[in-house]
Amino acid sequence: MQPLPGIRIRRLRLAGVSRNYDVDFTQDQRVQGLSVVAGAFSSGKTAVLEFIAYGLGGKRHPRHPEVLRKVRSCLLEVELSGEAHVIERPVGEPSKVAYVRKGTLDSQPLSKPESRPVEPAGAPESLSALLLGHCKLEGVQLREAPSSRESRTDPLSFRDLMALAFLPNERIASTDFLFENRFMKKHKLKQVVDVVFGVHDDRAVELGQRIRELGSRLTQSRSELAAARAFVDEQDALPIGPLVAQQYEGELLELTQQLQALDEAAQAGTTFAGRLRREHQQAAQRARRAAGVVRDCETQLARMMPLRAQYAEDLVKLNMLAEAQRLFDPLSVTTCPACLHRLPAPPSAENGSCSLCSYELPHGAGPLTLGTADADHSSDDGRLNIAAEVRATKARLKEITAYVEGLDASLATLKLQAEDAAIAEERAAAAVDEATSPTVTPFLAARDNLQRRREEVLRHLQHAENAAKLQASLEKRAALVERQEAQIERLREERDRLGDAAQDRDLVIGRISSRYSELLQQWRYPKLSQPMIDTNLVPHVRGDSYREASSGARTLLTLAWQLAVFEVAVETSAAHPGFLLIDSPQKNLGHGGTRDAVIADAIAIDDFYRHLTGWLAEQGSGAQVIIVDNSPPTLVEDNVVVRYSRNEDRPPYGLIDDETTNDNTAPPQPPHSDKS
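Residues numbered from 1 in each chain as written. Predicted model: local features only at pLDDT ≥ 70, side-chain atom pairs only at ≥ 80, totals over all residues. Heavy atoms only, no water.

**Student:** What am I meant to see in the sheet that holds strand β9 (residues 114-117) here?
**Tutor:** Consider a sheet: its strands pair through backbone hydrogen bonds, and that pairing is either parallel or antiparallel. With antiparallel pairing, the six strands of this open sheet are ordered in space as β2-β1-β6-β7-β8-β9. Looking at which strands have only one partner, the edges of the open sheet turn out to be β2 (20-24) and β9. Geometrically, the sheet is characterised by an average inter-axis angle of 25 degrees between neighbouring strands, direction not taken into account. Sheet topology note: the strand β6 (residues 71-80)/strand β7 (residues 83-90) ladder contains eight bridges and is antiparallel. Within β7, the position partnered with S73 by the bridge is P90. (Pairing = 2+ DSSP bridges. Helix = DSSP H or I, 4+ residues; strand = E, 2+ residues; numbered from the N terminus. Axes fitted to C-alpha atoms, helices over the stretch in contact; angles between N-to-C directions.)

**Student:** Got a minute to help me understand the pairing of strand β8 (residues 97-102) in this structure?
**Tutor:** Looking along a regular strand, one sees side chains alternate from face to face of the sheet. With four bridges joining them, β7 and β8 adopt antiparallel strand pairing. Considered in β8, the bridge of H85 is made with K102. Pairing analysis gives four bridges linking β8 to β9, with the strands arranged antiparallel. Among the inter-strand pairings, Y99 is bridged to a residue of β9, identified as S115.

**Student:** I'm lost on the sheet that holds strand β5 (residues 34-39) in this one. Help?
**Tutor:** Taken together, five strands build an open sheet; the order of strands is β12-β18-β19-β5-β20 and the sheet is parallel. A single partner strand is all that each edge strand has here, and the edge strands are β12 (166-167) and β20 (640-644). Where β12 and strand β18 (residues 579-583) come together, two bridges link them in parallel fashion. Note on β18: the bridge partner recorded for F166 is L581. Against the sheet, helix α1 (residues 45-55) contacts β5, β12, β18, β19 (624-629) and β20, and its axis sits at roughly 145 degrees relative to β19. (Contact = heavy atoms within 4.5 Å.)

**Student:** Explain the pattern of salt bridges to me, please; I cannot follow it from the model alone.
**Tutor:** Two side chains that carry opposite charge are able to pair once their charged atoms sit near each other. Summed over all chains, the structure comprises 29 salt bridges. Between R13 and D22 there is a salt bridge whose closest N-O contact spans 2.9 Å. For R13, a relative accessible area of 13% puts it in the buried group. Residue classification places D22 among the partly exposed positions, given a relative accessible area of 36%. The residue E567 makes a salt bridge to R515 at a minimum N-O spacing of 2.8 Å. With E567 in helix α11 (residues 551-571) and R515 in helix α10 (residues 505-522), this pair connects stretches of sequence that are 52 residues apart. A cluster of three or more residues bridged by salt bridges with shared partners is formed by R10, R11, R13, D22, E77, E79 and D106. (Salt bridge = Lys/Arg side-chain N within 4 Å of Asp/Glu carboxyl O. Buried < 20%, exposed > 50% of the residue type's maximum accessible area, 1.4 Å probe, protein only.)

**Student:** Looking at this structure, how should I read the side chain of H611?
**Tutor:** Here H611 is to be found in helix α13 (residues 605-617). Look at H611 and you get buried, because its relative accessible area is 10%. One polar contact links H611 to E567, side chain to side chain, over a distance of 2.6 Å. If sequence neighbours within four positions are ignored, H611 has contacts with L519, Q522, W523 and E567. (Polar contact = N/O pair within 3.5 Å; in protein donor to acceptor, adjacent residues only side chain to side chain.)

**Student:** Where do I start with the confidence of the model for the chain in this structure?
**Tutor:** Low-confidence regions, as indicated by low pLDDT, have predicted coordinates that should not be scrutinised in detail. Confidence in the prediction of the chain, expressed as mean pLDDT, is 81, and 81% of residues score 70 or more. The model gives residues 370-382 a pLDDT under 50, and that stretch makes nine contacts with residues more than four places away or in other chains. Low pLDDT, under 50, characterises residues 663-676; the predicted model gives this stretch 30 contacts beyond four residues in sequence or across chains. (pLDDT = per-residue confidence, 0-100.)

**Student:** Hey, could you run me through helix α5 (residues 183-196) in this one?
**Tutor:** Residues lying three or four places apart along an α-helix face the same way, a consequence of the helix completing one turn every 3.6 residues. Taking 1.5 Å as the rise per residue, α5 with 14 residues should run 20 Å; its terminal C-alpha atoms sit 20 Å apart, in good agreement. If you follow the buried residues of α5, they end up packed against β10 (141-143), α4 (158-161), α10 and α11. Phi turns positive, to about 65 degrees, at G198, one or two residues after α5. (Expected span 1.5 Å × (residues − 1).)

Here it is as structure tokens:
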């Protein structure tokens, strides 16, 4: 069976820092009609649906602490009119750009991902335009004031269409289900329903506008295709068939193997020269050691010569000091320190006392000089023993001179040894070359020939790859032109049929209302009477609007409204995406703190799932429904694609299954709508 036009969800992948987190909605590589995400409260079930909506152009994604810590990007594998594509958007700050490529998550990218802006949604290259094109709604304009024919218009965005494809938890059982408290959004929802079923006002005018807009895009696409073809012709990039490319690849592999075999043969053919190579290595080592010894000797000489000169200069200074002390005695006393008159005679020892101060001297009599009278009051600590210093300096100078003369005498011998070692190393290298050259030269010539052939094959392969890329670009542009031509032709046919068989909006509303009534009957709604949907799309029961019903009753009424629109759209091949996301269909029917006892006791959730499985197997074959439910009944156990336990002993714990504890250090996050 051919897949329905529109969009189907195949897989969700949250790419993390160290690992990925996947949810698969396929079975045997085909999209399941009904997929259920089950599990405990606060395990990330609702986040699965919200990430799907984010991948399809939603404004925000779940911002739970574990998501921001672990996840870096959201990848959504979808079928667009039956062809697999991957949509990728970064996670963190909601991105303004999505990257789209053909293929699956696990397949190698066939081409560079195409960048598509998320805003503005009406841009021809936006993600919204791509998705709407596969829903037969590309180029649709919505009037800001529906009652005025002169009103300005805004382009339909895929986010507007998601109101019919995603039923979040906060809308189920809400008294604002149809956005009654938001005037513009309420009217836009009504317009979206009319557009999906092709019964909105000024349908012919709107089709004409879409045809004109697509016509201008088609003209631009044709111009770009012609320019691309001219460029390819100028580059002489003739397409190379896959067989030729495979032939080049095989030849390249063969040449690589031949080069490897040739290198191995050359290595094996020169093993006989191993002894010569070892001798050359030993000679080279001896030459390096000899050169190192010469360098060390020259370095020592360069360091010792200034040191020897310094000691010789110190010896000269000491000799001059000794001579000065003998010629001049700066410590002799010739003047009285009290009256400053010259003494008639130098101080002397008289009767064992100093003649100048009458101090009793411990030593014998004799001429006195300052500081030699008493060893307790005068010491040699501040005076230099010149004779001892002269002897020590002469000894060091003699040692340095002897060491320098020894180095200088050995340097000539060391240089001769280094030269002999270098000559021996050159002879050993020449011997190796002489022994191996006759054997290696043929290998080198053959290797050069193989290398030239390999480079030539590589050039051919590069040319083939460039030609393939250019051809792929041409095919992509040609496919775009064909798709736009087909869209224009389909719109023209639809416009031509309007005059004879325009669909009646009342007929469509009547069919939706009838399906709404059938659903409530199948679900055994208590005391069911007067179920209907009026022309403003408001569901009624028992003569009152859904807003007057109890919480549990509103759950059933909102589910019935959403399913009725979806089922009728699928059965009539309307411009619906073809999938439906539902979050917590058992809300107020047995889960949570607000349980509607009357409704919950009378309604079995089995009836809800039994209807879905039966409809998807028959009238709704090819459509897709994804449901988040805490405890789905056993009859849909085979449809459960993943079950989160919030129990570390029963994996998976949750969507981010390696986050099993609360992080109290994480910053507070804004309130979130995940009730499951």
